[in-house]
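A look at the structure
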Amino acid sequence: MSMKKGKKILSECIRMVLLLVAVSIVAFILITKAPIDPLVSYIGTNSTLSTEAKQEIAQYWGLNDPLPQRFLTWAGHVLKGDFGTSITYKKPVIEVIKSRFLYSGILMLLAWVLSGVLGFVLGVICGLRQGGIFDRIIKLICFILKSAPTFWIGILVLTVFSVQLGWFPIGMAAPAGKLAADVTIGDRIYHLILPVLTLTVVNISEVVLYTRQKMIEIINQDFILYAKARGESLWQIVRRHVLRNIALPAITVQFASFSELFGGMALAENVFAYPGIGTATTAAAMNADVPLLLGIALFSAIFVFIGNLIANILYGIFDPRTREEAGDA
Amino acid sequence: MEEKVLRNVLEINDLVVSFEMYQKGFRKKKLEVLHSLSLDVKEGEIVAVVGSSGSGKSVLAHAVLGLLPKNATMTGNIKYQGELLTPKERKKYLGREIAFIPQSVDYLDPLMKVGKQVVGVYSSKERQRQLFEKYQLKKEVEDMYPFQLSGGMARRILISAAVTEEPKLIIADEPTPGLNVELAMDTLRHFRKLADNGTSILMITHDIDLAFQVADRIAVFYAGTIVEISPTGDFLAGGKNLRHPYSKAFITALPQNEFQPLKGTQPYAGDLPEGCLFAPRCPKAEIACNGKIAMRDLREGKVRCIHAT
Ligand code: SF4
């Protein structure tokens, strides 16, 4: 049984490596084919460098080499842990990504947990009281949220809470003009609240609707009737059977939703000028910062892939049926 | 059976169950699936309700157990030990005095170990182990999940789960589907034993041969009502001792008898004849059969037919 599981994880890892290679190739081609000149973005448009000097740099960077060779050069460096230097931030790409991922990670983690827990509870209640007034209101709100673009929700939140009510700062991760050393935890939390709120709101409708749907499926199953016939109260049925049956799909979908969370995060960050991966991506794109863009693409792929991997493994571990199949096969 | 007058453990009078259905568009339509159905089960007695598959027999079980869906309405009454079985009363008895044996393992929680499910909310681990021993289930079985059970194991699990609290009444809905003869007989023997110890059993089945094996009385279910209830002996003797034309035809149609099939089909719940539901197929039908036909006592049984003798 553990052999099988080990094999499964191994094959997932191989898939991940293949995926990363694919992502790198595609990202590389897209970026090199884009109408941007890394040389120009490095030295600036109104540089006084001579054409020969420019040629020399291009030669040194390998910009004149054929595409496959350029890719291999880049990939070779990446394998050694060298992602190059970010043109935008004048720092090694890996450092930029590290600090930015930390900011984004906190933001995403909070929104993920909040929307996951809150959405689950709301979904369970809606499913139990299907067709009731509470269910209908929540469902309507979810549909509206689902169809609203992230940046629109972000701007709405910003307008209401920062501009109109003045409760929260307009953006950034810390008060503007304060030295990094002086920034307190309180400042950070204060600046985090609105982005987290936005991202939670963006993410929650999916969780509620999914949980609600699963919930309805489950409570219409025969085993719920049987539990009733055996004298279990509603609360006992929920505790003993419903939660047991809904927990796995709910948790799985939470991990599988990493990619959407990531997309929402990028947009929310830009609305709030929050210094995470999302804003870094925008900045990198604006500045034709090729090394940074490639690095972000790679790390984002890893992040999303890990979410899916966890989702897959969870199912394998917790569902007795898949567990058995793995043992028998 | 002993001669003393036995009490009714379950008594159903004029039970009507309809479902509200949405037809094409938004028009609601009421579909009556059980029509003034009356039935009683006495102490320590097995009554088999026999009817063809898909004719709504399960609705009867669900009505007694309070499992009807939200769109169902019910009139008539159900009495347990002489008391009206209201939702509140039912709550008190379900799982303790009244137990349910469902059709299949689909009625077990797929993610809960079966031992824990047999224990349920009222019983104990010790009792479960004791029952597993009694029904020859190995100890390992308690740690299995429903999908790992064989058909025979599943049956015995469901029976164990039903009898943890030594119920007075068991409702069994198609208790032997998909079992080979041996396993089916095994199940029925368990039923007989329970009944001999005083438990009343209402067994709903499409298999009359099974009913012959264990039932004390057989109720014939036709188009959503019960047309005849008679001692099993009358059925075993072939058609001549039976009361209702449908039961007679039904028994005559059996392979071991004349194997003469009855022409026509059961009427659809949305398109019922007035008066006797069997009239369109009855050789003895006459004008009077279009009126309301009540259940009446006749010889040792009951029948819903004006001509029955
Ligand atoms: S009531 Fe009339 S139609 Fe119905 S079974 Fe009896 S004889 Fe036939």
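Residue and element names in this part refer to chain A. Two numbers describe how helix 5 (residues 93-128) lies on helix 11 (residues 258-272): the axes approach to 10 Å, and their chain directions differ by 115°. Both helix 5 and helix 11 take part in a crossing whose hand is right-handed. On helix 11, the residues touching F101, S104, L107, M108 and W112 of helix 5 are F258, L261, F262, M265 and E269.

Turning our eyes to something else, we now look at the pattern of salt bridges. Residue and element names in this part refer to chain B. One pass over the full model with this rule turns up 20 salt bridges over all chains. Among the salt bridges present, the one from E89 reaches K92, with a minimum N-O distance of 3.4 Å. Of this pair, E89 and K92 both sit in helix 2 (residues 87-93), three residues apart, which is roughly one turn of that helix. K92 sits in the partly exposed class, given a relative accessible area of 45%. The salt bridge partner of K125 is E142, with a shortest N-O separation of 3.7 Å. Remark: E142 occurs in the loop between helix 4 (125-134) and helix 5 (151-163) and K125 occurs in helix 4; sequence separation between them is 17 residues. In this structure K125 comes out as partly exposed when scored by relative accessible area, which is 33%.

Here we take up the sheet that holds strand 4 (residues 72-80) of chain B. Residue and element names in this part refer to chain B. Sheet architecture is open: four strands sit in the order 2-1-4-5, paired in antiparallel fashion. Every interior strand has two partners, whereas the edge strands, strand 2 (28-42) and strand 5 (83-84), have only one. Taken together, the eight bridges between strand 1 (residues 8-22) and strand 4 define a ladder with antiparallel strand orientation. Looking across to strand 4, one finds that N13 is bridged to N77. Against the sheet, helix 1 (residues 57-65) engages strand 1, strand 2 and strand 4, with an angle of about 110° to strand 1.

This paragraph deals with empty space enclosed by the protein. Across all of its chains, the model carries four cavities of 30 Å³ or more by this definition. Computed from the structure, the largest cavity encloses a volume of approximately 90 Å³. Contributing elements (two or more residues each) for the lining of the largest cavity: helix 9 (222-229) of chain A together with strand 6 (98-101) and helix 5 of chain B. A total of three residues in the lining of the largest cavity trace back to one element, the largest contributor, which is strand 6 of chain B. A class-by-class count of the residues in the lining of the largest cavity yields 10 nonpolar, four polar and two charged.

Residues and elements named next belong to chain B. Judged by how many residues are buried, strand 10 (residues 225-231) sits mostly within the fold: six of seven residues are covered. Linking strand 9 (residues 217-222) to strand 10, which pair antiparallel, is a turn of two residues; within it A223 sits at a positive phi near 50°. In the sheet, strand 10 pairs with strand 12 (residues 301-303) via two bridges, with the strands oriented antiparallel. Counted as the bridge partner of E228 is V303 from strand 12.

Once that is clear, we can look at the environment of F134(A). Residues and elements named next belong to chain A. Following the sequence through the fold, F134 ends up in helix 6 (residues 133-147). Separated by 124 residues in the primary sequence, F134 and L10 place their C-alpha atoms 46 Å from one another. Non-local contacts of F134, meaning those with residues more than four positions away in its chain, are made with L122, I125 and C126.

Turning our eyes to something else, we now look at the interface of chain B and chain A. Listed per partner, the contact involves 27 residues of chain B and 19 residues of chain A. Of the roughly 2300 Å² buried at the junction of chain B and chain A (both faces included), carbon and sulfur atoms supply 60%. It is Y107(B), L111(B) and V121(B) that lose the most area in chain B upon contact with chain A, and together they represent 28% of the buried surface on that side. Counting the contacts that link chain B with chain A gives zero salt bridges. Along the contact surface separating chain B from chain A lie seven residue pairs in polar contact (both at pLDDT 80 or more). Those elements that provide at least two residues to the side of chain B that touches chain A are strand 6, helix 3 (114-119) and helix 5 of chain B. Looking at the side of chain B that touches chain A, the element that brings in the most residues is helix 3 of chain B, giving four residues. Residue composition of the side of chain B that touches chain A, grouped by class: 18 nonpolar, six polar and three charged.

A word on the packing of helix 8 (residues 185-219) of chain A against helix 10 (residues 234-256) of chain A. A pair of packed helices is characterised by two quantities: the angle between their axes and the separation of those axes. Residue and element names in this part refer to chain A. Contact geometry of helix 8 with helix 10 gives a least axis separation of 10 Å together with a crossing angle of 150°. It follows that helix 8 is roughly antiparallel to helix 10 by the angle criterion. Of the two possible hands of crossing, helix 8 and helix 10 adopt the one that is right-handed. Mapping the contact onto sequence places V207, Y210, T211, K214, M215, I218 and I219 in helix 8 and V242, N245, I246, P249, A250, V253 and Q254 in helix 10. In the contact of helix 8 with helix 10, the residues fall into 10 nonpolar, three polar and one charged.

To continue, consider helix 1 of chain B. In an α-helix, one turn spans 3.6 residues; hence positions three or four apart end up facing the same way. With eight of nine residues buried, helix 1 of chain B lies mostly within the body of the structure. At the C-terminal side of helix 1 of chain B, G66(B) shows a positive phi close to 70°.

Per-residue pLDDT for chain B averages 87, and the proportion of residues at 70 or more is 97%. Scored as a whole, the predicted complex attains pTM 0.78, and scored at its interfaces, ipTM 0.88.

Residues and elements named next belong to chain B. Along the chain, S160 turns up in helix 5. Spatially, the C-alpha atom of S160 lies 20 Å from that of V47, the residues being 113 residues apart in sequence. Setting aside chain neighbours within four positions, we find S160 in contact with V118, L131, F132, Y135 and L137.

Before going further, it helps to examine the site of the ligand. All names here are of chain B. The environment of the ligand is formed by 13 residues, the closest being C276, C282, C289, C305 and H307. Judged by its atoms lying within 2 Å of the grid points, the ligand is housed in the second largest cavity. Residue classes in the shell around the ligand are distributed as 10 nonpolar, two polar and one charged.

Residue and element names in this part refer to chain A. Residues L109, V113, V117, V121, I125, I133, F134, I137 and I141 make up a contiguous nonpolar surface patch of roughly 790 Å² in combined accessible area. Per-element tally for the nonpolar patch: the top contributor is helix 5, with five residues. Note on placement: L109 falls in helix 5.

Geometry of an aromatic ring pair is reported as the spacing of the ring centres plus the angle between the planes. All names here are of chain A. Counting across every chain of the model gives 16 aromatic pairs over all chains. Between F258 and F303, the aromatic rings sit 4.8 Å apart at their centres with planes inclined by 10°, giving stacked as the arrangement. With a gap of 45 residues between them, F258 in helix 11 and F303 in helix 13 (residues 290-318) connect regions that are remote in the sequence.

Residues and elements named next belong to chain A. One can read the domain layout of chain A as domain 1 (2-91) and domain 2 (92-328). With 27 residues of domain 1 at the interface, the matching set in domain 2 holds 30 residues. Buried surface at the junction of domain 1 and domain 2, both sides included, amounts to about 2600 Å², of which 76% is carbon and sulfur. Counting the contacts that link domain 1 with domain 2 gives zero salt bridges.

What counts as what
- The residue numbering used here restarts from 1 in each chain and proceeds along that chain's sequence as written.
- The lettering of chains begins at A and the numbering of ligands begins at 1, in the order of writing.
- Residues qualify for local features only when their pLDDT is at least 70, as the model is predicted, and side-chain atom pairs are given and counted only at 80 or more; totals for whole chains, interfaces and linings, by contrast, use all residues.
- Side-chain figures throughout are based on the complete set of non-hydrogen atoms in the structure, without hydrogens or water.
- Angles shown run from 0 to 180 degrees and are taken between the N-to-C directions of axes, each axis being a line fitted to C-alpha atoms and, for helices, limited to the stretch in contact.
- Secondary structure elements follow DSSP: runs of H or I no shorter than four residues count as helices, runs of E no shorter than two count as strands, and numbering proceeds from the N terminus.
- Left-handed is the label given to a crossing in which the near helix is rotated counterclockwise from the far helix by less than a right angle, and right-handed is the label when the rotation is clockwise.
- What makes two residues a contact is simply this: any of their non-hydrogen atoms within 4.5 Å.
- Note on definitions: salt bridges are taken to be side-chain nitrogens of Lys or Arg within 4 Å of carboxyl oxygens of Asp or Glu.
- Only protein chains enter the accessibility calculation, which uses a 1.4 Å probe; a residue is then buried when its area is under 20% of its type maximum, exposed when over 50%, and partly exposed in between.
- In this analysis, strands are considered paired if DSSP registers two or more bridges between them.
- Cavity: a set of points on a 1 Å grid over the protein atoms alone where a 1.4 Å probe fits but cannot get out. Pocket: an open set with protein on both sides within 12 Å along at least five of seven lines, its lining residues, like those of a cavity, having an atom within 4 Å of a point.
- Grid points are joined across faces, edges and corners, and a volume is the space filled by probe spheres set on the points.
- Gly falls in the polar group here, along with every residue not listed as nonpolar (Ala, Val, Leu, Ile, Met, Phe, Trp, Tyr, Cys, Pro) or charged (Asp, Glu, Lys, Arg).
- The term buried area refers to how much accessible surface (probe radius 1.4 Å) is lost by two components on association, counted for both of them together.
- As used in this structure description, the phrase polar contact means that two N or O atoms lie within 3.5 Å; if the pair is within protein, one of them must be able to donate a hydrogen and the other to accept it, and residues adjacent in sequence are counted only when both atoms belong to side chains.
- When describing relative orientation, an angle under 35 degrees is termed roughly parallel and one over 145 degrees roughly antiparallel, while 65 to 115 degrees is termed roughly perpendicular and anything else oblique.
- Summary of the metric used: pLDDT quantifies the predictor's per-residue confidence within the range 0 to 100.
- If a single non-hydrogen atom of a residue is within 4 Å of a molecule or strand, that residue counts as near it.
- Placement in a cavity or pocket follows one criterion, namely that more than half of the molecule's atoms lie within 2 Å of its grid points.
- Exposure above 30% relative accessible area and no salt bridge define the residues that can form patches, which grow by joining like charges within 9 Å and nonpolar side chains of Val, Leu, Ile, Met, Phe, Trp and Tyr within 5 Å.
- Where accessible areas are quoted, they stem from the Shrake-Rupley method and a 1.4 Å probe; at the residue level, only the protein chains shown are allowed to cover.
- Aromatic pairs are defined between Phe, Tyr and Trp rings, using the six-membered ring for Trp, whenever the two ring centres lie within 6.5 Å; interplanar angles under 30 degrees are classed as stacked, those over 60 as edge-to-face, and all others as tilted.
- The domain boundaries here were taken from an automatic or database domain assignment.

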